[in-house]
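Below, each chain spelled out in residue letters.
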Amino acid sequence: MHGLIARTLQCFLQDTYGQIAWQEIATKGGLDSQDFEAMLDYDMGSVQNVLSAAERYLQKPRDVILEDIGTYLITHPNNEGLRRLMRYGGVDFIDFLHSLEDLPGRARLAVADFDLPEIELRDCNAGQFLLHSGCGQSGMPGFGHVLVGVLRAMADDYGALVILDHQGRRDGSEIVDITVIETDFAQGREFDLGALPPLRGGQAT
């Protein structure tokens with residue numbers, strides 16, 4: 001597993017629950033070092049052990065933690081650069097949805113060996129979509145739950161009213177059902193086309 005993914009997990013836990021919580025989780029997860037390095041590769045088992053330790057320490061199901069990571073990637077002040085990059089995907093939430101298929105390619109342009117799972121968006125009816133995501137070579141079980149958190153946060157960012165439902169796995173992909181009820185339901189967060197702030201060191205994109 002790419003170190004950017006592991007590092008993102010660490011930053012989420014540190015920024016959300018504090019350094020002491022992270023140290024406890026890292027210790028209980030059997031992590032040799034107290035830090036993941038963004039440019040190293042890690043055994044999937046090491047990251048899974050830390051996630052399991054987080055479940056026990058936080059008393060939260062893994063799916064909830066993964067969704068919270070997705071929300072964190074968009075809403076936390078440390079990730080403003082990533083949030084702005086995502087907003088460049090379209091002028092409204094539906095445009096943004098259609099840009100998601102390009103996300104793995106954009107990630108590889110930024111970091112050549114960073115392999116995000118492939119994403120496929122299927123139009124079903126007016127305002128109804130199915131988002132399919134695989135595990136990819138990166139080995140990211142639960143990536144669909146991270147996407148749910150990202151989508152929920154981006155819907156709020158655009159001011160859209162959206163219903164999201166993770167439907168589990170089918171034919172090797174995680175399926176997220178997306179219903180866009182209204183694209184301009186509320187006022188979105190302020191956004192302009194000014195210069196992008198730098199991404200925080202060690203964060204996944």
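Preceding this section is the structure that the text describes.
**Comments concerning the side chain of Asn79**
Point 1. Tracing the backbone through its elements, the reader meets Asn79 in the loop between α4 (62-75) and α5 (80-87).
Point 2. The exposure class assigned to Asn79 is buried, which follows from its relative accessible area of 3%.
Point 3. In this structure the side chain of Asn79 is engaged in a polar contact, spanning 3.0 Å, whose partner is the backbone oxygen of Tyr72.

**Regarding the pairing of strand β4 (residues 173-182)**
Point 1. With respect to burial, β4 is a largely interior element, seven of its ten residues being buried.
Point 2. Note: strand β2 (residues 128-133) against β4, six bridges, orientation antiparallel. Counted as the bridge partner of Leu130 is Asp177 from β4.
Point 3. In terms of strand pairing, strand β3 (residues 161-170) meets β4 through eight bridges, oriented antiparallel. Bridged to Val162 within β4 is Val180.
Point 4. Where β3 folds back onto β4 in an antiparallel hairpin, the turn is made up of two residues, including Asp171, whose phi is positive at roughly 55°.

**With respect to the packing of helix α2 (residues 19-28) against helix α3 (residues 44-58)**
Point 1. The interhelical angle for the contact between α2 and α3, taken along N-to-C directions, is 125°, at an axis separation of 8 Å. Judged by the angle between their axes, α2 and α3 are oblique. The element α2 and its partner α3 pack so that their crossing is right-handed. Between α2 and α3, the contacting residues are Ala21, Trp22, Glu24, Ile25 and Lys28 on the first element and Val50, Ala53, Ala54, Arg56 and Tyr57 on the second.
Point 2. For the contact of α2 with α3, a count of residues per class yields seven nonpolar, no polar and three charged.

**Some points on the environment of Tyr158**
Point 1. Following the sequence through the fold, Tyr158 ends up in helix α8 (residues 143-158).
Point 2. C-alpha of Tyr158 to C-alpha of Val91: the two residues are 67 residues apart in sequence and 8.5 Å apart in space.

**Side note on α3**
Point 1. The end-to-end C-alpha separation of α3 is 21 Å, in line with the 21 Å expected for 15 residues at 1.5 Å each.
Point 2. For α3, the set of buried residues is Val47, Gln48, Val50, Leu51, Ala53, Ala54 and Leu58.
Point 3. On its buried face, α3 sits against α1 (3-17), α2 and α4.
Point 4. With a side-chain oxygen positioned 2.8 Å from the backbone nitrogen of Gly45, the residue opening α3 is Asp43.

**Some points on the packing of α1 against α4**
Point 1. For the pair α1 and α4, interaxial distance at closest approach is 10 Å and the crossing angle is 85°. Here α1 lies roughly perpendicular to α4, going by the angle between them. Across from Thr8, Leu9, Cys11, Phe12, Asp15, Thr16 and Tyr17 in α1, the residues of α4 making contact are Ile65, Asp68, Ile69, Tyr72 and Leu73.
Point 2. By residue class, the composition of the contact of α1 with α4 is eight nonpolar, two polar and two charged.

**Thoughts on the packing of aromatic side chains**
Point 1. Tallied over the entire structure, the rule returns seven aromatic pairs.
Point 2. Judged by centre distance (6.0 Å) and plane angle (90°), the rings of Phe12 and Tyr17 are edge-to-face.
Point 3. A residue is classified by how much of its surface remains accessible, and Tyr17, at 30% relative accessible area, is partly exposed.
Point 4. Measuring from centroid to centroid gives 4.9 Å for Phe36 and Tyr42, while their planes differ by 85°, and the two rings are edge-to-face.
Point 5. Taking the relative accessible area as the measure of exposure, Phe36 reaches 1% and is therefore buried.
Point 6. Take Tyr42: its relative accessible area is 18%, and that puts it in the buried class.
Point 7. Through successive ring pairs, a cluster of aromatic residues spans Phe12, Tyr17 and Tyr72.

Thresholds applied
- Residues numbered from 1 in each chain as written.
- Predicted model: local features only at pLDDT ≥ 70, side-chain atom pairs only at ≥ 80, totals over all residues.
- Heavy atoms only, no water.
- Helix = DSSP H or I, 4+ residues; strand = E, 2+ residues; numbered from the N terminus.
- Buried < 20%, exposed > 50% of the residue type's maximum accessible area, 1.4 Å probe, protein only.
- Polar contact = N/O pair within 3.5 Å; in protein donor to acceptor, adjacent residues only side chain to side chain.
- Pairing = 2+ DSSP bridges.
- Axes fitted to C-alpha atoms, helices over the stretch in contact; angles between N-to-C directions.
- Parallel < 35°, antiparallel > 145°, perpendicular 65-115°, else oblique.
- Left-handed = near helix turned anticlockwise from the far one by under 90°.
- Contact = heavy atoms within 4.5 Å.
- Nonpolar A, V, L, I, M, F, W, Y, C, P; charged D, E, K, R; others polar.
- Expected span 1.5 Å × (residues − 1).
- Phe/Tyr/Trp six-rings, centres within 6.5 Å; stacked < 30°, edge-to-face > 60°.

Geometric descriptors of this kind do not, in isolation, establish any biological role.
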